[in-house]
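For reference, the chains in residue letters:
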Amino acid sequence: MSKVKVVLEHYDQTLKRARKLRLEVGGKTVYTPSRTLSLKEDASCESRLIRYNSLRGINEIYRRLTKEKLDEIDDNPAKLVDFGRSLKNVLNRPECKDDVSLLVFSYENKNKNGGISQNTVPKKDEIKYLCNVVSHPLSDVIVPPRISGLSGEKYLEFLKAFFEQLPSYTTNAPMLGLIPLVARNDFDRIANFYVEKGIYSYIADFQNQNPLDAYIFAGMIHSLSDFITKEYKEDSYVHALNIPSTRTRQKVDVTPAKDIMTFAMGFDSYGTSHLPQKLPEKVVKQIMERRAVSGFGPRSPTATPAVFLGEEDAEVFRLFNRNDYGYYRSTLADLKTKFPDEEHISVKFDQLFDEKVSEYKLQKLRRVFNVERQALEAADLRLKIVEDSIMKHIESKKYARDGVKILNKMSHRITDYMS
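This is a predicted model, so every value here is computed, not measured. (Residues numbered from 1 in each chain as written. Predicted model: local features only at pLDDT ≥ 70, side-chain atom pairs only at ≥ 80, totals over all residues. Heavy atoms only, no water.)

Any chance you could explain the overall build of the protein chain here in plain terms?
Helix and strand content of the protein chain: 11 helices and 14 strands. Among the 419 residues that make up the protein chain, the fraction classed as buried is 52%. In the protein chain, once contacts between residues fewer than 6 apart in sequence are set aside, the share between residues at least 24 apart is 72%. Carbon and sulfur atoms provide 48% of the accessible area of the protein chain, an area that totals close to 20500 Å². (Helix = DSSP H or I, 4+ residues; strand = E, 2+ residues; numbered from the N terminus. Buried < 20%, exposed > 50% of the residue type's maximum accessible area, 1.4 Å probe, protein only. Contact = heavy atoms within 4.5 Å. Areas by Shrake-Rupley, 256 points an atom, 1.4 Å probe, with all protein chains shown as cover.)

Structural data, given as structure tokens:
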């Protein structure tokens with residue numbers, strides 16, 4: 001099996017989990033830390049709006065795939081061709097020719113007609129189709145599909161069947177192992193399975209949990225990486241999947257940007273979460289009340305009158321400030337003074353408030369604004385790591401203080417053999 005070539009170029013002496021890697025896949029070379037860009041058919045996606053090569057490197061193509069969709073394309077040759085063409089159109093974008101593309105499928109086979117709607121281990125025919133789908137010739141690496149809701153034991157059962165069928169669809173392809181957020185014993189079994197297959201680089205699915213909070217899972221990933229380095233003299237590349245940003249309905253003016261700390265936690269790249277964030281209970285209750293009154297939900301003779309969100313709960317967005325690692329509310333006065341336009345950026349501050357642009361496009365621009373500045377910060381972090389000054393750099397960020405405490409603890413747990 002062909003491997004993803006990973007070379008550890010430097011790790012920071014002040015925070016040894018932070019490192020600069022050289023990642024080589026299929027003739028393409030990428031350096032980390034790298035902010036992964038979401039790539040879609042949508043012309044307003046991150047990878048298509050961010051144009052400067054210095055901020056590019058890794059694309060994440062995330063597709064939700066259902067059993068119904070598999071059956072649909074299996075029964076209809078025209079839809080099968082359309083499905084393949086849509087993937088080709090995304091993976092073959094000219095601006096991405098030098099980028100490494102990660103094609104990640106999230107598979108669902110929930111039985112919506114049953115009493116309990118949850119995913120199960122795919123049957124043999126499903127697995128064959130999944131092997132065929134993930135083996136797209138334009139994808140740089142193969143990634144086993146994520147299947148939410150499966151226990152670690154059940155996911156390992158799926159992996160064994162998946163790898164049994166995969167050689168019929170592709171051979172000698174570079175692979176990344178997908179590791180779901182599971183219990184310790186299940187993690188060890190999944191990790192051992194990948195290692196025995198000669199797979200030493202991984203995608204860690206944090207499932208909308210920040211690594212600072214899910215530090216135990218992060219620690220298990222680090223332990224696996226350390227083991228591979230010690231026993232096999234191989235370096236591991238680890239991508240963090242489904243890393244959330246801050247909530248958008250908080251009343252405070254500035255909240256800590258926990259997502260950018262993913263790099264300092266020892267992960268080489270991360271992308272925008274593809275999972276919906278849960279709304280605060282108060283907001284959910286108000287939405288349900290308004291739907292009931294409007295006739296979009298269950299009504300009763302004592303239906304609650306319509307409740308309108310107050311000004312403090314109005315829809316806002318947040319802007320990432322890489323000078324202090326804070327997410328700022330969009331409604332703050334003098335906000336522009338906090339966000340001067342930097343060189344080599346594609347999305348300017350004034351574009352975020354352009355009344356001539358549709359709300360849909362504005363939402364995309366606001367997301368890309370943050371991603372682009374996180375990509376700039378990733379490029380700076382590569383320099384700080386080589387200078388052995390990443391801890392000093394992060395300590396200078398006003399809203400990173402709580403994260404620094406965790407980083408200090410994790411820094412001391414690393415074993416010396418990485419040197």
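Would you mind showing me how to read helix α3 (residues 77-91) here?
In an α-helix, one turn spans 3.6 residues; hence positions three or four apart end up facing the same way. End to end, α3 covers 21 Å across 15 residues, agreeing with the expected 21 Å (1.5 Å per residue, within 8%). Residues of α3 that are buried include every one of Phe83, Ser86, Leu87, Val90 and Leu91, and no others. Down the axis, α3 shows its buried residues gathered within 125 degrees of arc, on one side only. In the core, the buried residues of α3 are packed alongside β6 (58-66), α2 (67-75), β7 (100-108) and α4 (124-134). Regarding α3, its N-cap is Asn76, as a side-chain oxygen of that residue lies 3.0 Å from the backbone nitrogen of Ala78 further along. (Expected span 1.5 Å × (residues − 1). Arc of directions from axis to C-beta. Polar contact = N/O pair within 3.5 Å; in protein donor to acceptor, adjacent residues only side chain to side chain.)

Looking at this model, I keep getting lost on unusual backbone geometry. Mind explaining?
Excluding glycine, residues mostly carry a negative phi; peptide bonds, for their part, are mostly trans. Geometrically, the link from Thr32 to Pro33 is a cis peptide bond, its omega value of 5 degrees lying close to zero. In this structure, Pro33 sits in the loop between β3 (28-32) and β4 (34-35). For Asn172, which is not glycine, the phi torsion reads 60 degrees and is therefore positive. By secondary structure assignment, the location of Asn172 is in the loop between α5 (152-165) and β8 (177-179).

Where do I start with the pairing of strand β9 (residues 202-205) in this structure?
Note on strand geometry: in a regular strand, side chains alternate between the two faces of the sheet. Of the two faces of β9, the one holding Tyr202 and Ala204 and the one holding Ile203 and Asp205 are both buried throughout. Pairing of β8 with β9, which is carried by 3 bridges, proceeds in the parallel orientation. Bridging from a neighbouring strand, Gly177 pairs with Tyr202 of β9. You can see the chain leave β8, run along helix α6 (residues 184-196) and come back into β9, and the turn it takes is right-handed. The β-α-β motif built from β9, the intervening helix α7 (residues 215-232) and the parallel element strand β10 (residues 238-243) has right-handed crossover chirality. (Pairing = 2+ DSSP bridges. Right-handed = clockwise from strand over helix to strand, strands pointing away.)

Sorry if this is basic, but what is going on with the pattern of salt bridges here?
Side-chain pairs of opposite charge can arise whenever the charged atoms involved come near each other. Per the stated rule, a full pass over the model turns up 29 salt bridges. Arg56 is the salt-bridge partner of Asp99, the closest N and O atoms lying 2.7 Å from each other. A residue pair is termed long-range when its members are at least 10 positions apart, and Asp99 in the loop between α3 and β7 and Arg56 in the loop between α1 (46-49) and β6 qualify at 43 residues. Here Arg322 and Asp380 are joined by a salt bridge, their closest N and O atoms 2.7 Å apart. (Salt bridge = Lys/Arg side-chain N within 4 Å of Asp/Glu carboxyl O.)

Explain the sheet that holds strand β14 (residues 326-329) to me, please; I cannot follow it from the model alone.
Hydrogen bonds along the backbone pair up the strands of a sheet, which may run parallel or antiparallel. The strand order across the open sheet built from 3 strands is β11-β14-β13, with neighbouring strands paired in antiparallel fashion. Two strands close off the open sheet at either side, each with one partner strand: β11 (254-256) and β13 (318-321). On average, each strand axis in the sheet is tilted by 30 degrees relative to the strand beside it, whichever way the strands run. Pairing between β13 and β14: 4 bridges, direction antiparallel. (Axes fitted to C-alpha atoms, helices over the stretch in contact; angles between N-to-C directions.)

Help me out: how do you make sense of the environment of Gln351 in this one?
Following the sequence through the fold, Gln351 ends up in the loop between β14 and α9 (359-386). Sequence-wise, Gln351 and Leu362 are 11 residues apart; in three dimensions their C-alpha atoms are separated by 7.8 Å. A distance of 2.7 Å separates the side chain of Gln351 from the backbone nitrogen of Lys348, its partner in a polar contact.

Is there a simple way to think about the pairing of strand β12 (residues 269-272) in this case?
As judged from the 2 bridges shared by β4 and β12, these two strands associate in the parallel manner. Within the sheet, the bridge partner assigned to Arg35 lies in β12 and is Tyr270. Bridge count for β10 against β12 is 3 bridges, and the pairing is parallel. Along β12, the bridge assignment pairs His239 with Ser269.

Help me understand the sheet that holds β10, please; the structure alone is not making it clear to me.
Spatially, the 5 strands line up as an open sheet ordered β4-β12-β10-β9-β8, and their pairing is parallel. Two strands close off the open sheet at either side, each with one partner strand: β4 and β8. Taken strand by strand, α6 contacts β8 and β9, and its axis lies near 175 degrees from that of β8.

Sorry if this is basic, but what is going on with α4 here?
Along α4, the positions that sit buried rather than exposed are Glu126, Ile127, Tyr129, Leu130, Cys131, Val133 and Val134. Against the buried residues of α4 lie β6, α2, α3, β7 and α5.

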